[in-house]
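A look at the structure
One letter stands for each residue in the lines below.
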Amino acid sequence: MSHFPRSPPSGIKVIIVGAGFAGIAAAIECDRKGHSVTLLEKASSIEEITRFGDIISFDPNGARHFERWPGVIEAMYKVARKTSWLDLYHWKGEFVTRQSFADEKSWGPRINGHRGELYDIIYQHAKARELDIQLSQRVTDYFEDDEKAGVVVNGERMEADVVIAAEGVRSRGRKIVLGFDDKPKSSGYAVYRCWFHGNTIKDNALIRHLVVNGDTHSGFIGPDLHFLVSSLKNGKEFNWVFTHVDDGNIEESWQFPGKVSDCLKYVEGWAPVVQEIVRSTPRDARLIDHKLVFRDPLPTFISPHARIVLIGDAAHPFLPTSIQGASQSIEDGVVLASCLELAGKKHVQLAVKAHEKIRYERVHKAQAMGVKTRERWHKANWDEIKKAPEAIHLTREPWLLNFDAEKDCYERYEDVAKGIEGQRAKL
Ligand SMILES: Cc1cc2nc3c(=O)[nH]c(=O)nc-3n(C[C@H](O)[C@H](O)[C@H](O)COP(=O)(O)OP(=O)(O)OC[C@H]3O[C@@H](n4cnc5c(N)ncnc54)[C@H](O)[C@@H]3O)c2cc1C
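This one's a predicted model, so the numbers in the text were calculated from it and none came from an experiment.

1. What to know about the sheet that holds strand β10 (residues 156-160)
To summarise the sheet geometry, strands pair through backbone hydrogen bonds and adopt either a parallel or an antiparallel arrangement. Strand order in the open sheet formed by three strands is β8-β9-β10, with antiparallel pairing between adjacent strands. Only two strands of the sheet have a single partner each, and these edge strands are β8 (139-144) and β10. Each adjacent strand pair in this sheet contributes to an overall mean axis angle of 25°, direction not counted.

See below:
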C-alpha cells in the first residue's frame with residue numbers, strides 16, 4: 001500500500017479500460033477514494049503512450065485536481081508554458097489584441113505543455129501510488145448484469161462492481177451503452193500539429209522573436225483557419241498547430257503524417273511570419289495531420305444496468321477550440337470516484353446514475369463553446385473586430401473554469417441521488 005492519503009477501503013472494485021488522461025485520472029481518483037482499481041491499457045509500454053501528441057491544455061477546472069496528487073503540479077510547472085496571455089493577429093500579420101489570463105489565477109493553475117511529458121508525470125505518480133496498471137491488455141468486449149460488470153481481455157473474462165470505459169474516441173464500450181455501433185463522422189476539419197527545438201529558428205530573422213524572448217503564445221486568425229504558435233522552456237521548444245477545413249476523409253489517428261508542402265498551400269497569402277514558421281519546420285520534426293471526428297452528443301454515458309460508464313473522449317470528444325477535452329476528462333474521473341465513495345458498495349448503480357446526472361449537462365455546455373469559438377474565429381468580421389478586438393478573445397467563463405468538480409459533487413450528490421430514487425419510486 002502506498003503512503004499517499006487515501007479514504008478507508010470502500011470494498012468497490014473498479015476496472016478501467018484505457019490509460020489516457022481520462023483513465024489514469026479516474027484510477028488515481030478511485031484510489032484516493034478507497035476503491036480498488038485495475039487499469040487496463042492496450043499499449044505495450046509507457047513510451048507508446050507518450051510518443052504521440054504535442055501541446056495539450058488543462059484549464060483551472062481540470063488542473064486544480066493535480067494539486068491533490070502530491071508532487072504532480074510542482075513537476076508540471078517545471079515543463080509547462082509560462083505565459084498568462086494569448087496574442088491574437090489578423091491572418092495578414094497585423095497585431096489585434098492580447099488576451100490576458102492573469103486574472104484567472106485565483107481559479108486555479110493553468111497547465112499547457114507537451115502531452116507526453118505531462119502524461120509521464122501523472123503516470124509516475126500513479127506508479128508511486130502502486131496502482132495496478134496492466135499494459136498490453138486490449139479489451140475486446142464488455143458485459144454486465146444487475147450484480148456486476150466486466151470485460152473480455154486477451155480472451156479472458158474479468159469482473160468488477162463497475163467498469164469505466166475510457167478508451168478514447170474509438171471506444172468499444174459505446175456499443176453496450178448505446179445498444180449499437182456508433183461510427184464516427186468527419187467534422188469537416190483537421191489539425192496539422194508540429195513540435196520541434198526552438199534552436200532551429202533562433203537565427204531566423206523573421207521568426208526568431210518567437211523563441212528568444214522567453215515563452216510565447218500567439219494565434220493568427222483567418223477565414224476557415226486558425227494558426228496557433230507557442231514556445232516553452234524559455235524558447236527551447238517550439239510548436240505550431242492549425243485547424244483547417246478538410247476533405248472529410250477520416251483517418252482517426254494521431255499518427256497520420258503531414259507534409260510541409262501541403263501545409264504551405266493552406267497558408268498561401270498569409271502573413272510572412274506564418275509561412276516562415278511552416279517553411280522552417282525541420283525535416284525530422286513530427287508533423288501530423290489529425291482528422292477531427294464529429295459525434296452527436298450521446299443520449300447517455302451509462303449502460304442499461306448502470307455498471308458501465310463512458311468517460312473522457314469515449315463519452316464526449318471535444319473540438320480543440322474548446323480547450324476543454326483534457327480538463328473534462330479529468331473532471332469525469334473525479335466525479336465518478338466521488339459518487340462511488342458517497343454511495344458505497346451497496347449502491348454502486350445509484351452512484352453511476354448520479355455521476356451521469358452531474359456530468360451530462362456541464363459536459364455538453366462545455367462542448368458547445370468550442371464550436372462557438374471556432375465560428376467566431378473562422379468567420380471573423382474584421383470591421384467589427386477593429387472596433388471591439390475582444391470579440392475574438394477566447395470565452396473564459398467562471399461557471400466552466402472556476403469550478404471544483406469534487407466539491408460540487410460532494411455538495412450535490414445527496415439531492416441528485418434522492419431525485420433518482422424518487423423517480424424510480426414513481427415508476
Ligand atoms: C496518442 C494520442 C495523442 C494525443 N495527442 C494530443 C495532443 O497533442 N493534444 C491534444 O489536445 N490532445 C491529444 N490527444 C487527445 C487527448 O489526449 C484527449 O482528447 C483527452 O486527453 C481525453 O483523453 P482520453 O483518456 O479520454 O482519451 P485518449 O487520450 O484517446 O486515451 C485513450 C486510451 O485508451 C487506450 N485504449 C483504446 N482502446 C483500448 C482497448 N480496447 N483496450 C485497452 N486500452 C484501449 C488507448 O491506447 C489510449 O491510451 C491525443 C490522444 C492520443 C491517444
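Still to come is the rest of the account.
2. Focus on the nonpolar core
Ranked by size, the top nonpolar core spans 91 residues in total, and within it I16, F58, F66, I122 and V151 carry the most contacts. V151 has contacts with I15, V17, L40, V139, D141, Y142, F143, E156, R157, M158 and V163, leaving out every residue within four places of it along the chain. Membership of the second largest hydrophobic core comes to 25 residues, among which are Y192, C194, F196 and I207.

3. Digging into the site of the ligand
In the vicinity of the ligand there are 26 residues, among which E41, D54, I55, R193 and D313 approach most closely. In this structure, a nitrogen atom belonging to the ligand sits 3.1 Å away from a main-chain N or O atom of K42. Between the ligand and D54 there is a distance of 2.7 Å, counted from an oxygen atom to a backbone nitrogen or oxygen. If the ligand stood free it would expose 930 Å²; the protein chains cover 86% of that surface. If you list the elements that add at least two residues to the shell around the ligand, you get α1 (21-32), β3 (55-58) and α9 (325-343).

4. Comments concerning the sheet that holds strand β5 (residues 95-100)
Taken together, the seven strands give an open sheet; going across it, the order is β5-β4-β13-β14-β15-β12-β16, and neighbouring strands pair in mixed fashion. Two strands in the sheet have a free side with no partner beyond their single neighbour: β5 and β16 (286-294). The mean angle between the axes of side-by-side strands here comes to 20°, regardless of whether they run parallel or antiparallel. Sitting on the sheet, helix α10 (residues 348-378) touches β4 (85-90), β12 (185-197), β13 (216-222), β14 (225-232) and β15 (237-245), and the angle it makes with β14 is about 105°.

5. Observations regarding unusual backbone geometry
For N154, which is not glycine, the phi dihedral falls at a positive 50°. Among the structural elements, N154 can be located in the loop between β9 (149-153) and β10. Among the residues examined, N154 registers a relative accessible area of 49% and is labelled partly exposed. Of note in this structure, N234 is not a glycine but carries a positive phi near 60°. By the element assignment, N234 lies in the loop between β14 and β15. When its relative accessible area of 56% is taken as the criterion, N234 is described as exposed.

6. Things to note about the domain arrangement of the protein chain
Domain annotation of the protein chain identifies domain 1 (13-82 + 107-182 + 298-426) and domain 2 (185-294). For domain 1 versus domain 2, the separation of C-alpha centres amounts to 27 Å. Counting from both sides, the interface comprises 24 residues of domain 1 and, opposite them, 28 residues of domain 2. Interface area, domain 1 with domain 2, both sides summed: about 2200 Å², of which 59% is carbon and sulfur. Here domain 1 is connected to domain 2 by three salt bridges. A salt bridge links R193 to D54; its shortest N-O distance comes to 2.8 Å. On inspection of domain 1 and its partner domain 2, the count reaches eight residue pairs in polar contact (both at pLDDT 80 or more). When residues of the side of domain 1 that touches domain 2 are traced back to their parent elements, those giving at least two are β6 (111-114) and α10. The leading source of residues in the side of domain 1 that touches domain 2 is α10, at four residues.

7. Section: the pairing of β15
For β15, the tally of buried residues reaches eight of nine residues, placing the bulk of the element in the interior. Where β14 lies against β15, eight bridges are found, and the strand directions are antiparallel. Residue H226 lies in a different strand from β15, and its bridge partner there is T243. In this antiparallel pair of consecutive strands, β14 and β15, the connection spans four residues, and K233 shows a positive phi of 50°.

The rules behind these values
All residue numbers here refer to positions counted from 1 along the written sequence of the relevant chain. Totals for whole chains, interfaces and linings use all residues, but because this is a predicted model, local features are given only for residues with pLDDT of at least 70 and pairs of side-chain atoms are given and counted only at 80 or more. The basis for every side-chain value is the complete set of non-hydrogen atoms in the structure, without hydrogens or water. Strand pairing is assigned whenever DSSP detects at least two bridges linking the two strands. For the purposes of this entry, the term helix denotes a DSSP run of H or I that reaches at least four residues, the term strand denotes a run of E that reaches at least two, and both are numbered from the N terminus. In this analysis an axis means a line fitted to C-alpha atoms, helices contributing only their contacting stretch, and an angle means the value between N-to-C directions, from 0 to 180 degrees. Among buried residues, the Ala, Val, Leu, Ile, Met, Phe, Trp, Tyr and Cys ones that are joined through side-chain atoms within 4.5 Å form a nonpolar core. Throughout this description, buried means an accessible area under 20% of the type-specific maximum (1.4 Å probe, protein chains only), exposed means over 50%, and partly exposed covers the range between. Contacts: residue pairs with any heavy atoms within 4.5 Å of one another. We call a residue near a molecule or strand when any one of its heavy atoms sits within 4 Å of it. For the purposes of these results, a polar contact is taken to be a pair of N or O atoms within 3.5 Å, where, inside protein, one atom must be able to donate a hydrogen and its partner to accept one; residues adjacent in sequence count only when each atom of the pair is a side-chain atom. Computed with the Shrake-Rupley method and a 1.4 Å probe, the accessible areas treat only the protein chains shown as cover for residues. Domain extents, as shown, originate in an automatic or database domain assignment. For any pair of parts, buried area is found by adding up, for both, the accessible area (1.4 Å probe) each one loses once the two are put together. Whenever Lys or Arg places a side-chain nitrogen within 4 Å of a carboxyl oxygen from Asp or Glu, that contact is recorded as a salt bridge.

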